[in-house]
Amino acid sequence: MDLDELRTLLERHARPDATTAVEGVLVSRVERSAPAEPAMTGTVLAVIAQGTKRLALGDRVLEYGPGQYLVASVDLPVTGQFLRVSPERPALGFGLVLEPAAVAELLLHAGPDGARQVRGGPVPALAVCDAPAPLLDAVVRLLRLLDAPRDRAVLAPLVKREILWRLITGEQGAAVRQLGLADSSLTHVARAVAWIRGNYAEPFRVEELARRSGMSQSAFYRNFQAVTSMSPIRFQKQIRLQEARLLLATRPGDVTGVAHRVGYDSPSQFSREYSRQFGAPPSRDAARLRLCGPG
(Lines give C-alpha, C1' and ligand atoms only; values in the text may rest on other atoms or scores of the structure.)
Protein backbone atom coordinates (compact mmCIF):
# COMPACT_ATOMS: atom_id res chain seq x y z
CA MET A 1 0.00 0.00 0.00
CA ASP A 2 1.09 3.56 -0.73
CA LEU A 3 2.29 5.22 2.50
CA ASP A 4 1.19 8.72 1.44
CA GLU A 5 -2.20 8.60 3.17
CA LEU A 6 -0.69 7.08 6.29
CA ARG A 7 1.86 9.91 6.47
CA THR A 8 -0.85 12.53 5.91
CA LEU A 9 -3.04 11.13 8.68
CA LEU A 10 -0.14 10.90 11.11
CA GLU A 11 0.93 14.48 10.38
CA ARG A 12 -2.61 15.73 10.94
CA HIS A 13 -3.20 13.95 14.24
CA ALA A 14 0.20 14.16 15.93
CA ARG A 15 0.12 15.74 19.40
CA PRO A 16 3.02 16.57 21.72
CA ASP A 17 2.02 13.75 24.10
CA ALA A 18 1.42 11.25 21.23
CA THR A 19 -2.13 10.45 22.42
CA THR A 20 -5.24 10.33 20.23
CA ALA A 21 -9.01 10.21 20.71
CA VAL A 22 -8.87 6.40 20.44
CA GLU A 23 -7.69 4.68 23.61
CA GLY A 24 -4.43 2.80 23.13
CA VAL A 25 -3.68 4.43 19.77
CA LEU A 26 -0.56 6.62 19.62
CA VAL A 27 0.76 8.96 16.93
CA SER A 28 4.33 10.23 17.08
CA ARG A 29 6.09 13.00 15.21
CA VAL A 30 9.82 13.58 15.81
CA GLU A 31 11.49 16.56 14.15
CA ARG A 32 15.11 16.19 15.21
CA SER A 33 17.73 13.53 15.60
CA ALA A 34 18.96 13.22 19.16
CA PRO A 35 21.44 11.05 21.02
CA ALA A 36 20.17 7.58 21.85
CA GLU A 37 18.00 7.65 24.96
CA PRO A 38 16.84 4.89 27.32
CA ALA A 39 13.15 4.03 27.45
CA MET A 40 10.75 1.21 28.20
CA THR A 41 9.00 -0.28 25.19
CA GLY A 42 5.67 -1.19 26.74
CA THR A 43 3.75 -3.95 24.95
CA VAL A 44 3.08 -2.34 21.61
CA LEU A 45 2.78 -2.49 17.85
CA ALA A 46 4.73 0.34 16.21
CA VAL A 47 4.50 1.15 12.50
CA ILE A 48 6.87 3.62 10.84
CA ALA A 49 5.53 5.74 7.96
CA GLN A 50 8.50 8.11 7.62
CA GLY A 51 11.99 8.11 9.10
CA THR A 52 14.09 5.35 10.61
CA LYS A 53 14.35 4.25 14.22
CA ARG A 54 17.17 2.27 15.82
CA LEU A 55 16.74 0.32 19.05
CA ALA A 56 19.33 -1.49 21.14
CA LEU A 57 18.26 -4.25 23.50
CA GLY A 58 21.14 -5.89 25.30
CA ASP A 59 23.51 -6.92 22.51
CA ARG A 60 20.83 -6.77 19.81
CA VAL A 61 20.38 -3.75 17.52
CA LEU A 62 17.15 -3.41 15.52
CA GLU A 63 16.42 -0.83 12.85
CA TYR A 64 13.12 -0.23 11.09
CA GLY A 65 11.80 2.33 8.62
CA PRO A 66 8.87 3.21 6.34
CA GLY A 67 6.48 0.33 5.77
CA GLN A 68 7.94 -1.79 8.58
CA TYR A 69 6.61 -2.60 12.02
CA LEU A 70 7.94 -3.58 15.40
CA VAL A 71 6.21 -5.76 17.97
CA ALA A 72 7.21 -5.58 21.65
CA SER A 73 5.44 -8.34 23.58
CA VAL A 74 7.19 -7.62 26.91
CA ASP A 75 7.91 -4.23 28.50
CA LEU A 76 11.68 -4.03 27.93
CA PRO A 77 14.43 -1.47 28.67
CA VAL A 78 15.84 -0.28 25.35
CA THR A 79 18.00 2.53 24.04
CA GLY A 80 16.55 4.18 20.96
CA GLN A 81 16.86 7.06 18.53
CA PHE A 82 15.41 8.33 15.27
CA LEU A 83 17.96 8.78 12.50
CA ARG A 84 18.31 11.61 9.97
CA VAL A 85 15.10 13.52 10.74
CA SER A 86 14.37 17.24 10.45
CA PRO A 87 11.41 19.63 10.77
CA GLU A 88 11.06 19.42 6.98
CA ARG A 89 11.01 15.62 7.04
CA PRO A 90 10.01 14.41 10.51
CA ALA A 91 9.76 10.82 11.63
CA LEU A 92 6.13 9.69 11.71
CA GLY A 93 4.87 6.62 13.50
CA PHE A 94 1.72 4.81 14.60
CA GLY A 95 1.47 2.86 17.85
CA LEU A 96 -1.11 0.48 19.28
CA VAL A 97 -0.87 -0.75 22.87
CA LEU A 98 -1.16 -4.55 22.97
CA GLU A 99 -3.39 -5.74 25.82
CA PRO A 100 -2.99 -9.38 26.91
CA ALA A 101 -6.71 -9.61 27.68
CA ALA A 102 -7.63 -8.52 24.15
CA VAL A 103 -5.23 -11.06 22.68
CA ALA A 104 -6.64 -13.80 24.91
CA GLU A 105 -10.21 -12.98 23.95
CA LEU A 106 -9.40 -13.06 20.25
CA LEU A 107 -7.60 -16.39 20.60
CA LEU A 108 -10.61 -17.80 22.44
CA HIS A 109 -12.90 -16.85 19.57
CA ALA A 110 -10.42 -18.18 17.01
CA GLY A 111 -10.47 -21.65 18.55
CA PRO A 112 -7.63 -24.20 18.69
CA ASP A 113 -5.97 -23.11 15.42
CA GLY A 114 -5.66 -19.48 16.53
CA ALA A 115 -4.50 -20.33 20.03
CA ARG A 116 -2.02 -23.04 19.11
CA GLN A 117 1.19 -22.96 21.12
CA VAL A 118 4.39 -22.04 19.32
CA ARG A 119 6.75 -24.97 19.00
CA GLY A 120 10.49 -24.69 19.34
CA GLY A 121 10.77 -22.76 22.59
CA PRO A 122 10.43 -19.08 23.52
CA VAL A 123 10.47 -16.30 20.96
CA PRO A 124 12.17 -12.88 21.24
CA ALA A 125 9.92 -10.25 22.75
CA LEU A 126 11.15 -7.60 20.30
CA ALA A 127 11.08 -8.12 16.53
CA VAL A 128 10.87 -6.14 13.29
CA CYS A 129 9.49 -7.09 9.88
CA ASP A 130 7.80 -5.65 6.78
CA ALA A 131 4.15 -4.67 7.24
CA PRO A 132 1.82 -6.55 4.88
CA ALA A 133 -0.76 -4.55 2.91
CA PRO A 134 -3.79 -5.77 4.94
CA LEU A 135 -2.17 -4.59 8.19
CA LEU A 136 -1.31 -1.15 6.79
CA ASP A 137 -4.81 -0.87 5.33
CA ALA A 138 -6.36 -1.52 8.75
CA VAL A 139 -4.03 1.03 10.38
CA VAL A 140 -5.07 3.67 7.83
CA ARG A 141 -8.78 2.92 8.38
CA LEU A 142 -8.33 3.25 12.14
CA LEU A 143 -6.62 6.63 11.75
CA ARG A 144 -9.37 7.84 9.40
CA LEU A 145 -11.80 7.39 12.29
CA LEU A 146 -10.00 10.20 14.14
CA ASP A 147 -11.73 12.48 11.61
CA ALA A 148 -15.13 10.79 12.09
CA PRO A 149 -16.27 11.20 15.72
CA ARG A 150 -19.75 9.76 15.05
CA ASP A 151 -18.34 6.51 13.66
CA ARG A 152 -15.37 6.23 15.99
CA ALA A 153 -17.02 4.79 19.10
CA VAL A 154 -18.57 1.91 17.14
CA LEU A 155 -15.96 1.16 14.50
CA ALA A 156 -12.63 1.81 16.27
CA PRO A 157 -12.87 -1.29 18.52
CA LEU A 158 -13.63 -3.42 15.46
CA VAL A 159 -10.65 -2.11 13.48
CA LYS A 160 -8.33 -2.48 16.50
CA ARG A 161 -9.51 -6.07 16.73
CA GLU A 162 -8.73 -6.57 13.04
CA ILE A 163 -5.22 -5.15 13.50
CA LEU A 164 -4.66 -7.54 16.38
CA TRP A 165 -5.82 -10.45 14.25
CA ARG A 166 -3.44 -9.42 11.44
CA LEU A 167 -0.62 -9.51 14.00
CA ILE A 168 -1.64 -12.86 15.47
CA THR A 169 -1.76 -14.47 12.04
CA GLY A 170 1.29 -12.63 10.70
CA GLU A 171 5.05 -13.05 10.79
CA GLN A 172 5.31 -12.03 14.45
CA GLY A 173 2.22 -13.97 15.48
CA ALA A 174 4.15 -16.31 17.76
CA ALA A 175 5.13 -13.52 20.16
CA VAL A 176 1.70 -11.88 20.05
CA ARG A 177 -0.12 -15.17 20.66
CA GLN A 178 2.08 -15.90 23.66
CA LEU A 179 1.15 -12.50 25.08
CA GLY A 180 -2.42 -13.77 25.47
CA LEU A 181 -1.66 -17.30 26.69
CA ALA A 182 -1.52 -17.50 30.46
CA ASP A 183 0.84 -20.47 30.48
CA SER A 184 3.25 -19.46 27.74
CA SER A 185 6.96 -19.09 28.40
CA LEU A 186 6.72 -15.42 27.39
CA THR A 187 4.02 -14.83 30.01
CA HIS A 188 6.18 -16.46 32.69
CA VAL A 189 9.09 -14.21 31.72
CA ALA A 190 6.80 -11.16 31.67
CA ARG A 191 5.82 -12.00 35.26
CA ALA A 192 9.49 -11.95 36.25
CA VAL A 193 10.07 -8.71 34.35
CA ALA A 194 7.20 -7.06 36.21
CA TRP A 195 8.62 -8.22 39.54
CA ILE A 196 12.09 -6.86 38.73
CA ARG A 197 10.65 -3.52 37.64
CA GLY A 198 8.61 -3.23 40.83
CA ASN A 199 11.53 -4.25 43.07
CA TYR A 200 14.54 -3.04 41.08
CA ALA A 201 16.42 -1.74 44.12
CA GLU A 202 16.25 -5.10 45.89
CA PRO A 203 18.81 -7.91 45.40
CA PHE A 204 17.36 -11.24 44.28
CA ARG A 205 18.38 -14.83 43.71
CA VAL A 206 17.70 -16.20 40.24
CA GLU A 207 16.33 -19.42 41.70
CA GLU A 208 13.79 -17.45 43.76
CA LEU A 209 12.71 -15.43 40.73
CA ALA A 210 12.37 -18.67 38.74
CA ARG A 211 10.12 -20.06 41.49
CA ARG A 212 7.96 -16.93 41.38
CA SER A 213 7.66 -17.39 37.62
CA GLY A 214 6.66 -21.04 37.92
CA MET A 215 9.72 -22.43 36.11
CA SER A 216 12.83 -24.43 36.94
CA GLN A 217 15.98 -22.34 37.33
CA SER A 218 17.56 -23.64 34.11
CA ALA A 219 14.37 -23.19 32.07
CA PHE A 220 13.79 -19.74 33.54
CA TYR A 221 17.30 -18.50 32.74
CA ARG A 222 17.15 -19.92 29.20
CA ASN A 223 13.72 -18.42 28.52
CA PHE A 224 14.53 -15.05 30.09
CA GLN A 225 17.66 -14.73 27.92
CA ALA A 226 15.76 -15.75 24.77
CA VAL A 227 12.91 -13.29 25.36
CA THR A 228 14.82 -10.25 26.65
CA SER A 229 18.28 -10.76 25.09
CA MET A 230 19.90 -10.33 28.51
CA SER A 231 20.30 -12.09 31.84
CA PRO A 232 17.99 -11.26 34.78
CA ILE A 233 20.84 -9.49 36.60
CA ARG A 234 21.72 -7.39 33.57
CA PHE A 235 18.03 -6.58 33.07
CA GLN A 236 17.84 -5.31 36.66
CA LYS A 237 20.95 -3.18 36.08
CA GLN A 238 19.33 -1.55 33.03
CA ILE A 239 16.22 -0.70 35.05
CA ARG A 240 18.30 0.68 37.94
CA LEU A 241 20.32 2.94 35.66
CA GLN A 242 17.25 4.24 33.84
CA GLU A 243 15.54 5.04 37.13
CA ALA A 244 18.73 6.72 38.39
CA ARG A 245 18.83 8.95 35.34
CA LEU A 246 15.24 10.08 35.91
CA LEU A 247 16.03 10.87 39.53
CA LEU A 248 19.21 12.75 38.66
CA ALA A 249 17.29 15.02 36.30
CA THR A 250 15.66 16.56 39.40
CA ARG A 251 18.37 15.79 42.01
CA PRO A 252 21.65 16.46 40.20
CA GLY A 253 23.63 17.17 43.35
CA ASP A 254 22.76 13.93 45.11
CA VAL A 255 24.61 11.28 43.10
CA THR A 256 25.40 9.17 46.17
CA GLY A 257 21.82 9.33 47.44
CA VAL A 258 20.44 8.35 44.04
CA ALA A 259 22.91 5.47 43.80
CA HIS A 260 21.71 4.06 47.12
CA ARG A 261 18.06 4.64 46.28
CA VAL A 262 18.25 2.52 43.11
CA GLY A 263 20.10 -0.31 44.88
CA TYR A 264 23.83 0.39 44.59
CA ASP A 265 25.92 -0.06 47.75
CA SER A 266 29.03 1.36 46.05
CA PRO A 267 28.82 4.89 44.56
CA SER A 268 32.01 4.24 42.58
CA GLN A 269 30.50 1.14 40.94
CA PHE A 270 27.35 3.13 40.21
CA SER A 271 29.42 5.87 38.56
CA ARG A 272 31.34 3.37 36.41
CA GLU A 273 28.24 1.57 35.21
CA TYR A 274 26.34 4.81 34.65
CA SER A 275 29.18 6.18 32.53
CA ARG A 276 29.27 3.03 30.43
CA GLN A 277 25.53 3.20 29.88
CA PHE A 278 25.10 6.92 29.17
CA GLY A 279 28.55 8.04 28.03
CA ALA A 280 29.18 10.49 30.88
CA PRO A 281 29.55 10.40 34.69
CA PRO A 282 26.32 10.90 36.65
CA SER A 283 27.02 14.49 37.74
CA ARG A 284 27.96 15.66 34.24
CA ASP A 285 25.01 13.88 32.63
CA ALA A 286 22.66 15.32 35.25
CA ALA A 287 23.87 18.86 34.46
CA ARG A 288 23.21 18.25 30.76
CA LEU A 289 19.73 16.92 31.50
CA ARG A 290 18.89 20.04 33.49
CA LEU A 291 19.99 22.25 30.63
CA CYS A 292 18.20 20.50 27.76
CA GLY A 293 15.94 17.85 29.31
CA PRO A 294 16.02 14.10 28.63
CA GLY A 295 16.11 13.28 24.91
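The structure under discussion appears in the preceding block.
Residues numbered from 1 in each chain as written. Predicted model: local features only at pLDDT ≥ 70, side-chain atom pairs only at ≥ 80, totals over all residues. Heavy atoms only, no water.

Draft legend 1. Local environment of the side chain of Q172. Of note, Q172 is situated in the loop between helix 4 (149–168) and helix 5 (173–180). The exposure class of Q172 is buried, given its relative accessible area of 14%. Discounting chain neighbours no more than four positions away, the residues touching Q172 are Y69, V71, A127, V128, C129 and L167. (Helix = DSSP H or I, 4+ residues; strand = E, 2+ residues; numbered from the N terminus. Buried < 20%, exposed > 50% of the residue type's maximum accessible area, 1.4 Å probe, protein only. Contact = heavy atoms within 4.5 Å.)

Draft legend 2. Inspection of the packing of aromatic side chains at higher detail. A complete count under the given rule lists six aromatic pairs for this structure. Here the aromatic rings of F220 and F224 are separated by 5.6 Å at their centres, their planes lie at 55°, and the arrangement is tilted. With F220 and F224 both in helix 8 (residues 217–228) and four residues apart, the pair spans about one turn of that helix. Both residues of the pair, F220 and F224, belong to the buried class. Ring-pair connections join several aromatic residues into one group, and the members of that group are Y264, F270, Y274 and F278. Between the NZ or CZ atom of R240 and the centre of the ring of Y264, over which it lies, the distance is 5.7 Å. (Phe/Tyr/Trp six-rings, centres within 6.5 Å; stacked < 30°, edge-to-face > 60°. Lys NZ or Arg CZ within 6 Å of the ring centre and 35° of its normal.)

Draft legend 3. Just the pairing of strand 4 (residues 52–57), in detail. As defined by bridge partners, strand 4 adjoins strand 7 (residues 77–83) across five bridges and the pair is classed as antiparallel. Across the sheet, the residue bridging to R54 is Q81, located in strand 7. Here five bridges tie strand 4 to strand 5 (residues 60–64), and the two strands are oriented antiparallel to one another. Looking at strand 5, one finds that L57 is bridged to R60. (Pairing = 2+ DSSP bridges.)

These figures capture arrangement, not role.
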